[in-house]
Amino acid sequence: RPHGVAMAPGDQEFALAAAWKLGVAETDWKNVHNLFLVVHYDGDVAHLTSGGHLLDDNFYNGKPWRVGLSRFEQQIANDGLELQILPRPADAPIFLEKQYRGPAANSGQIMQLKSVQLIPQYQLQLQFPEH
């Protein structure tokens, strides 16, 4: 192939990734069925880790990354939460829709954390009397 093939980065490359510690308070879990972490970013690959263990990852495709956290609640309470993002070479051999491509190719690398949201999901249970 004339422009190469995209390859997944190895774990050693994440030692140089941009990283943020994220806080999820004990009160955030109160009275919710699940918490969703929604990350709006531009880059190559993002990792969500806790205590050095990979919880989930995402290859950038232009859409927000949404992760349900309830399955990791105890681990997050014990070890915290970290988000890591690797920059994407502007000339990476991947296809992205025009609106998701980011800055012009002469910028070298693309990496931007736009926003992080914690969205609660509630569960409603209705019980009807038998007739």
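Reference entry: report on the structure contained in this document. (Residues numbered from 1 in each chain as written. Predicted model: local features only at pLDDT ≥ 70, side-chain atom pairs only at ≥ 80, totals over all residues. Heavy atoms only, no water.)

### Comments concerning the sheet that holds strand β1 (residues 18-22)
Here's step 1: Strand order in the open sheet made by the four strands is β1-β6-β3-β4, with antiparallel pairing throughout. Taken across any chain shown, the strands that pair with only one partner, and hence form the sheet edges, are β1 and β4 (53-59). Between one strand axis and the next, the sheet turns through 20° on average, direction left out of account.
Here's step 2: Here six bridges tie strand β3 (residues 45-50) to β4, and the two strands are oriented antiparallel to one another. The residue of β4 that forms the bridge with Ser-50 is His-53. (Pairing = 2+ DSSP bridges. Helix = DSSP H or I, 4+ residues; strand = E, 2+ residues; numbered from the N terminus. Axes fitted to C-alpha atoms, helices over the stretch in contact; angles between N-to-C directions.)

### A short note on the nonpolar core
Here's step 1: With 19 residues, the main nonpolar core has Tyr-41, Leu-48, Trp-65, Leu-69, Leu-81 and Leu-83 as its most contacted residues.
Here's step 2: Contributions of two or more residues to this core are made by β2 (34-42), β3, β5 (65-68) and β6 (81-85).
Here's step 3: Ranked by residues supplied to this core, first place goes to β2 with four residues.
Here's step 4: Discounting residues that sit within four places of it in the chain, Leu-83 has contacts with Ala-18, Ala-19, Trp-20, Leu-22, Val-39, Ala-46, His-47, Leu-48, Trp-65, Leu-113 and Val-116. (Core = buried A, V, L, I, M, F, W, Y, C linked by side-chain atoms within 4.5 Å. Buried < 20%, exposed > 50% of the residue type's maximum accessible area, 1.4 Å probe, protein only. Contact = heavy atoms within 4.5 Å.)

### Looking at the pattern of salt bridges
Here's step 1: In the structure shown here, the tally under the stated rule is two salt bridges.
Here's step 2: Lys-21 serves as the salt-bridge partner of Glu-82, at 3.5 Å between the closest nitrogen and oxygen. Taken together, the residues span a long stretch of sequence, with Glu-82 in strand β6 and Lys-21 in strand β1 at a distance of 61 residues. (Salt bridge = Lys/Arg side-chain N within 4 Å of Asp/Glu carboxyl O.)

### So, the side chain of Asn-34
Here's step 1: Relative to the elements of secondary structure, Asn-34 occurs in strand β2.
Here's step 2: On the basis of relative accessible area, Asn-34 is assigned to the buried category, the value being 11%.
Here's step 3: Among the polar contacts listed, one links the side chain of Asn-34 to the backbone nitrogen of Ser-70, at a separation of 2.9 Å.
Here's step 4: Excluding residues that lie within four positions of it along the chain, Asn-34 makes contacts with Gly-68, Leu-69, Ser-70, Ile-119, Pro-120 and Gln-121. (Polar contact = N/O pair within 3.5 Å; in protein donor to acceptor, adjacent residues only side chain to side chain.)

### Thoughts on the environment of Asn-31
Here's step 1: Mapping Asn-31 onto the fold places it in the loop between β1 and β2.
Here's step 2: It is 9.4 Å that separates the C-alpha atoms of Asn-31 and Gln-121, two residues lying 90 residues apart in sequence.

### Here we look at the sheet that holds β2
Here's step 1: Pairing is antiparallel across the open sheet formed by three strands, whose spatial order is β5-β2-β9. At either margin of the open sheet sits one strand with a lone partner, and together these are β5 and β9 (112-121). Taken pair by pair, the neighbouring strands of this sheet meet at an average axis angle of 20°, ignoring direction.
Here's step 2: As judged from the four bridges shared by β2 and β5, these two strands associate in the antiparallel manner.

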